[in-house]
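Residue-level listing of the chains:
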Amino acid sequence: MASNFQEVVLTSSPDGPITGYDSLSGVISSEFTGSRSPRNGLCLVGKKLVAVSHVSAETGLGSVHLYNWYCKTPFHNLAVPEPVAPLAATRDGLYLFVGGLSGQIHTLSLPSGDLVQSFPAHRKAVSCLEINDDESLVLSGSDDGTITVIPLYNLISSSKRRKRDTILCRFVGHQGSVTSIYCGFGGGNYCTIMSSSLDSTCKIWSLMRGTHIRSIKFPCPMLSVLMDSTESEFYASGLDGVIYKGALKALSRQAVQEASKIVPLKQKHYGPIVSIQMLSGGQNLATASEDGNVWVWDIQTGEVVRILGHEMKIISSLVVAKVYNDPESHIVTTKNTRGGGGFSTKELQRPIGEVVELKKRLKVAVQDRARSVTNLESAFGIYENLLKLVVKQGKGGMSDSEDDENEDEDETEDV
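On a predicted model such as this, the values are computed, not experimentally measured, just so you know. (Residues numbered from 1 in each chain as written. Predicted model: local features only at pLDDT ≥ 70, side-chain atom pairs only at ≥ 80, totals over all residues. Heavy atoms only, no water.)

**What about the nonpolar core?**
Part 1 of the reasoning: Core analysis: the largest hydrophobic core is formed by 26 residues, its most contacted members being M194, F218, Y235 and L285.
Part 2 of the reasoning: The set of elements that each furnish at least two residues to this core consists of β19 (201-206), β21 (222-227), β22 (233-238), β23 (242-247), β25 (273-279) and β27 (294-298).
Part 3 of the reasoning: Ranked by residues supplied to this core, first place goes to β21 with four residues.
Part 4 of the reasoning: In contact with L285, other than residues within four places in its own chain, are L226, Y235, I276, Q277, M278, L279, W295, V296, W297 and I299. (Core = buried A, V, L, I, M, F, W, Y, C linked by side-chain atoms within 4.5 Å. Buried < 20%, exposed > 50% of the residue type's maximum accessible area, 1.4 Å probe, protein only. Helix = DSSP H or I, 4+ residues; strand = E, 2+ residues; numbered from the N terminus. Contact = heavy atoms within 4.5 Å.)

So, in structure tokens, the structure goes:
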């Protein structure tokens, strides 16, 4: 079965259908109708579902449509408290996180669509959502220019806690809307984070230290960023239709100077590039332009090798799925296909006990929340406090009031 699959590049639009292209042939392999999706409003849910943010043309109200891979129309319309755009789902397909115009992250339980809780993560609209590699953290970007990092368990738990106790870390530094977040390999406090923004920068952050590491300036507002499978290089795109390539790691003094150079790839889209994803185990890039073009690039040569389609006037989002051609046709990867599904050196070096214990506890929480909630709260409370301690130490002992400026310390949330 493992060899009998195809990579499908799935695109959404605010004006037209959701279209899936075979990444090798460019042939349309799937198509879904009935949704008007805003930017970042497309994600894979578990092994068999696709979730799409939808904004009604008649009423302006928001909802989330669920599709399976056998039917062109949505089989479930999930009600949400407000219009939403960005989506992120756990790999087991049991929880869907949606970002609202109010700055809240809403957690939905699937497949019922029941609202688990709503958490005020930002002061302005949530613009992008990401779940880290071991699914211990949810990261959100906002039109207010901030990035919030929240332990995933805090967004699916029914216990009450203060807002400042829910958030692990908040990064402040962008002067414009955060358009995308890419979280590197590594669990807990070991991952490196990249973000792009309409302020024409991409920034690199360290969760371990809770600080900003580096800013990269570009000639235009940026819309998407990602790292390669080794986290040694990154690719970024924006309104000018150009793919920019840069280095993240330098192994010598001479390489440090080279690493500061940002190289544009030769060919360019005619419209803004809204998304970049990896294909073919990290050998290719897939890029989607707002003008309706989807291109496949060879990473080694930096050239376009395939054009997948011109079917839509506007593209708002792109994700990559590996679809097995068995009778069930189920999805086996989620938003990003990193490398060949293996582990990077950095991931192999992280504490194995920490990852195993977290995954066990999260699995227990899903299977029997009522029975395990007390033990889980205790374990994740310790984990969260340790991470916060590491972050504060990295900041040089920054006080709680400085870290959570202008927040109401007595405010409690249903988390």
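Structure's up, so let's keep going.
**Some thoughts on the sheet that holds strand β29 (residues 317-324)**
Part 1 of the reasoning: Reading across from one edge, β3-β2-β1-β29 is the order of the four strands in this open sheet, with antiparallel pairing throughout. This sheet does not close on itself; its edge strands, each paired only once, are β3 (28-32) and β29. Adjacent strand axes in the sheet meet at a mean angle of 20°, parallel and antiparallel pairs treated alike.
Part 2 of the reasoning: Bridge analysis of strand β1 (residues 5-12) against β29 gives eight bridges, and the strand direction is antiparallel. Note on β29: the bridge partner recorded for L10 is V319. (Pairing = 2+ DSSP bridges. Axes fitted to C-alpha atoms, helices over the stretch in contact; angles between N-to-C directions.)

**So, unusual backbone geometry**
Part 1 of the reasoning: P111 follows L110 through a cis peptide bond whose omega is 10°.
Part 2 of the reasoning: At S200, a position not held by glycine, the phi torsion is positive, near 70°.
Part 3 of the reasoning: Classification of S200 as buried rests on a relative accessible area of 12%.
Part 4 of the reasoning: Phi is positive for E231, which is not a glycine, with a value near 60°.
Part 5 of the reasoning: Assignment of secondary structure puts E231 in the loop between β21 and β22.

**Some points on the pairing of strand β10 (residues 104-109)**
Part 1 of the reasoning: A large share of β10 lies buried, amounting to five of its six residues.
Part 2 of the reasoning: Note that strand β9 (residues 95-100) and β10 share five bridges and pair antiparallel. Note that in β10 the partner of F97 across the bridge is T107.
Part 3 of the reasoning: Linking β9 to β10, which pair antiparallel, is a turn of three residues; within it G103 sits at a positive phi near 95°.
Part 4 of the reasoning: Looking at chain direction, β10 and strand β11 (residues 114-120) are connected through six bridges and run antiparallel. Its bridge partner lying in β11, T107 is registered against Q117.

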